[in-house]
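Here is what each chain is made of, one letter per residue.
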Amino acid sequence: MPSLTTRELVASLVAGSSQAAARLISLAENHEPSAAEILQMVFPFAGRAYVVGITGPPGSGKSTLVNALIKALRGQGQRVAVVAVDPTSPFTGGALLGDRIRMQDHSTDPEVFVRSMATRGSLGGLAPATDEAVAVLGAWGAATILIETVGTGQAEVDIVSAADTVVVVTAPGFGDGVQTIKAGVMEIGDVFVVNKADRPEADRAVTDLRTALGLAPNGRWKPPVLTTVATNGEGVASLLKAVWDHRAHQEATGALLHRRRDRWRRDIVRAAEARLRAQVLEAAVAVGLEPLVSEVARGALDPHTAAARLLAAGHAGRAATSPPTARSALAPVPGLLAAAVVPDAVPDAPSTAEVTRAAPVAARTSPGIALDHIGIAVRNLDSAGRFYREVLGLTVSDPELLLGDAVAVAFVDLGGTRIELLEAATVDGPVARFIERRGEGIHHIALAVPDAARALENARDAGYTPIDELPRAGAHGTRVAFLHPKDTHGVLIELVDRRGDG
């Protein structure tokens, strides 16, 4: 149970205490042991704020524009919060606080909260704890949260996954008006602003932006290009109107919910990866890192092989001290460790023709064996599921995240059997590699067996190569194991034991 102090802190936050907000953000930023517990209590109160990202090259006046936006939002009676990401100090590791200095106009306003955060080496333009800060500030009662990124380069585009609307800011005098914000940054903007528009060449910067945007693929929302002079507030009202117009467009089309679902998907995977990384490395390092370092240093071993051995040792250490448990969304997953130890542990699936030839043979092996499902790799579960729901009238289950396989799955019920739709949850997982190499298509066939452990033992005794040494947790409480397609005539075979299927 949470301590009384924790309860009081969260209660103070929800009541509007800026001191509580500051304390909770610090706990999250410093990875304090109580941070996860506190954020769990905060989350039900978060999510009510609209999050606006402000990004663009250094010197474009982002901080001054944020200061002007705060003033305009306060004029509308809103409670406003700002997460201002500053470069990390090479000496202290903290933020340089330049953004907070520029926002001193609102330092005495209890309805404004400004927090500077350090990038701490993160390369995406945001601080590592930005999402946690946004959750806290949403629970604090902010109606609008402004996230100002560190001065962006062409690849610092993490803001698109953290904000509901992204405002890209530039200014005249950067040479080619598009050069400074080309590539990734040009693709994430929902609203574009030429700040410092009282300077020469402002009209040219606007023309350059509109030309560049005109070359982009047509979308349902056409990003406007506006001008502002943040120092005197000129154009800020028009900028806010463009932000609210974009919000209304997203709410009307369902794009806002889709955007936030993408954010939650990323946050779940990111949190799970962090927890898994910490748990696995702790166990692995305890087994023995330094001997491997010595082998690499004298040229007897390469770093990749050393890493595989380290993870294998860590997994063995965990298996020796921890009884097997059912998998939860954020629990350590043996399957992920196995994939890390054996590169490409879940191989590319065969072609449709190969599965068609092999499946009837596999389904007739013995009494009690049946086709459980056919796995199909898809790029997006939502769009793939529409075909089965809208065209065929079938039931598609809610997505389930399987961290051990780096995949999200949904099942289509066909009565006697099922289709399993698989969407990659990470960019480097087995399903992601399959789609990259072969495109969408049949990934594997799954056979229901009375006892997955015995079937796996029989396969091993008969000379077939298992991918899994023991059955592991699968979707809906099942136990599963895979057989390598090199021994099954090119077909990736999954053995499914559904005795634990609830």
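Rules behind the numbers
Residues numbered from 1 in each chain as written. Predicted model: local features only at pLDDT ≥ 70, side-chain atom pairs only at ≥ 80, totals over all residues. Heavy atoms only, no water. Helix = DSSP H or I, 4+ residues; strand = E, 2+ residues; numbered from the N terminus. Buried < 20%, exposed > 50% of the residue type's maximum accessible area, 1.4 Å probe, protein only. Contact = heavy atoms within 4.5 Å. Pairing = 2+ DSSP bridges. Axes fitted to C-alpha atoms, helices over the stretch in contact; angles between N-to-C directions. Parallel < 35°, antiparallel > 145°, perpendicular 65-115°, else oblique. Left-handed = near helix turned anticlockwise from the far one by under 90°. Phe/Tyr/Trp six-rings, centres within 6.5 Å; stacked < 30°, edge-to-face > 60°. Lys NZ or Arg CZ within 6 Å of the ring centre and 35° of its normal. Salt bridge = Lys/Arg side-chain N within 4 Å of Asp/Glu carboxyl O. Arc of directions from axis to C-beta. Polar contact = N/O pair within 3.5 Å; in protein donor to acceptor, adjacent residues only side chain to side chain. Patch = residues over 30% accessible without salt bridge, like charges linked within 9 Å, V, L, I, M, F, W, Y side chains within 5 Å. Areas by Shrake-Rupley, 256 points an atom, 1.4 Å probe, with all protein chains shown as cover.

## Points about the overall build of the protein chain
Right, so step 1: Helix and strand content of the protein chain: 17 helices and 15 strands.
Right, so step 2: For the protein chain, with 502 residues in total, the buried portion stands at 47%.
Right, so step 3: Of the contacts made within the protein chain by residues no fewer than 6 positions apart, 69% connect residues no fewer than 24 positions apart.

## Some words on the pairing of strand S8 (residues 370-378)
Right, so step 1: As defined by bridge partners, S8 adjoins strand S12 (residues 441-448) across seven bridges and the pair is classed as antiparallel. Paired with alanine 370 across the bridge in S12 is alanine 448.
Right, so step 2: Pairing of S8 with strand S11 (residues 418-424) involves six bridges; the strand directions are parallel. Paired with glycine 375 across the bridge in S11 is glutamate 420.

## A word on the packing of helix H2 (residues 18-29) against helix H3 (residues 35-42)
Right, so step 1: For the pair H2 and H3, interaxial distance at closest approach is 9 Å and the crossing angle is 130°. Here H2 is positioned oblique relative to H3, judged by the angle of their axes. Where H2 crosses over H3, the handedness of that crossing is left-handed. Together, Leu24, Leu27 and Ala28 of H2 and Ala35, Ile38, Leu39 and Val42 of H3 make up the contact between the two elements.

## Section: the environment of glutamate 132
Right, so step 1: Mapping glutamate 132 onto the fold places it in helix H6 (residues 130-140).
Right, so step 2: The spatial distance from the C-alpha of glutamate 132 to the C-alpha of leucine 39 is 7.5 Å, given a sequence separation of 93 residues.
Right, so step 3: Leaving out residues up to four positions away in the same chain, glutamate 132 has contacts with Ala28, Leu39 and Arg270.

## A few points about the packing of aromatic side chains
Right, so step 1: One pass over the full model with this rule turns up three aromatic pairs.
Right, so step 2: Seen from the ring of tryptophan 140, arginine 79 lies directly overhead, with NZ or CZ sitting 4.6 Å from the centre.
Right, so step 3: Stacked on the ring of phenylalanine 411, the Lys or Arg arginine 418 has its end atom at 4.2 Å from the ring centre.

## Considering the pattern of salt bridges
Right, so step 1: For the structure on display, the rule yields 17 salt bridges.
Right, so step 2: A salt bridge links arginine 204 to glutamate 201; its shortest N-O distance comes to 4.0 Å.
Right, so step 3: A salt bridge links aspartate 262 to arginine 265; the nearest nitrogen and oxygen atoms lie 2.8 Å apart. Remark: arginine 265 and aspartate 262 occur in helix H10 (residues 255-288); sequence separation between them is three residues, near one turn of the helix.
Right, so step 4: By relative accessible area, arginine 265 is classed as partly exposed at 28%.
Right, so step 5: When salt bridges with common partners are traced through the structure, they connect Asp131, Arg266 and Asp267 into a single cluster.

## Regarding H3
Right, so step 1: Where H3 is concerned, the buried positions are Ala35, Ile38, Met41 and Val42. On an axial view of H3, the arc spanned by its buried residues comes to 130°, and they lie on one face.

## A word on the sheet that holds strand S10 (residues 407-413)
Right, so step 1: One open sheet holds the eight strands; their spatial order is S9-S10-S11-S8-S12-S15-S14-S13, and the pairing between them is mixed. Here the strands that pair on one side only, and so sit at the sheet edges, are strand S9 (400-402) and strand S13 (472-473).
Right, so step 2: Pairing of S10 with S11 involves seven bridges; the strand directions are antiparallel. By the bridge assignment for S11, valine 407 is matched with alanine 424.

## Things to note about helix H15 (residues 381-391)
Right, so step 1: Of the positions making up H15, those classed as buried are Leu381, Ala384, Gly385 and Tyr388. One side of H15 carries all its buried residues, which in axial view fall inside an arc of 95°. Every exposed residue of H15 that faces more than 90 degrees away from the buried side is listed here: Glu390 and Val391.
Right, so step 2: Structurally, H15 contributes buried residues whose contacts are with S8, S10 and S11.
Right, so step 3: At the N-terminal end of H15, a side-chain oxygen is found 2.9 Å from the backbone nitrogen of aspartate 382, two or three residues along, and the residue is asparagine 380.
Right, so step 4: Note on H15: the residue one or two positions beyond its end, glycine 393, has a positive phi of about 70°.

## Quick word on a nonpolar patch on the surface
Right, so step 1: A contiguous nonpolar patch, built from Phe43, Leu257 and Trp264 and spanning about 350 Å² of accessible area, is present on the exposed surface.
Right, so step 2: Within the secondary structure layout, phenylalanine 43 lies in the loop between H3 and strand S1 (50-55).

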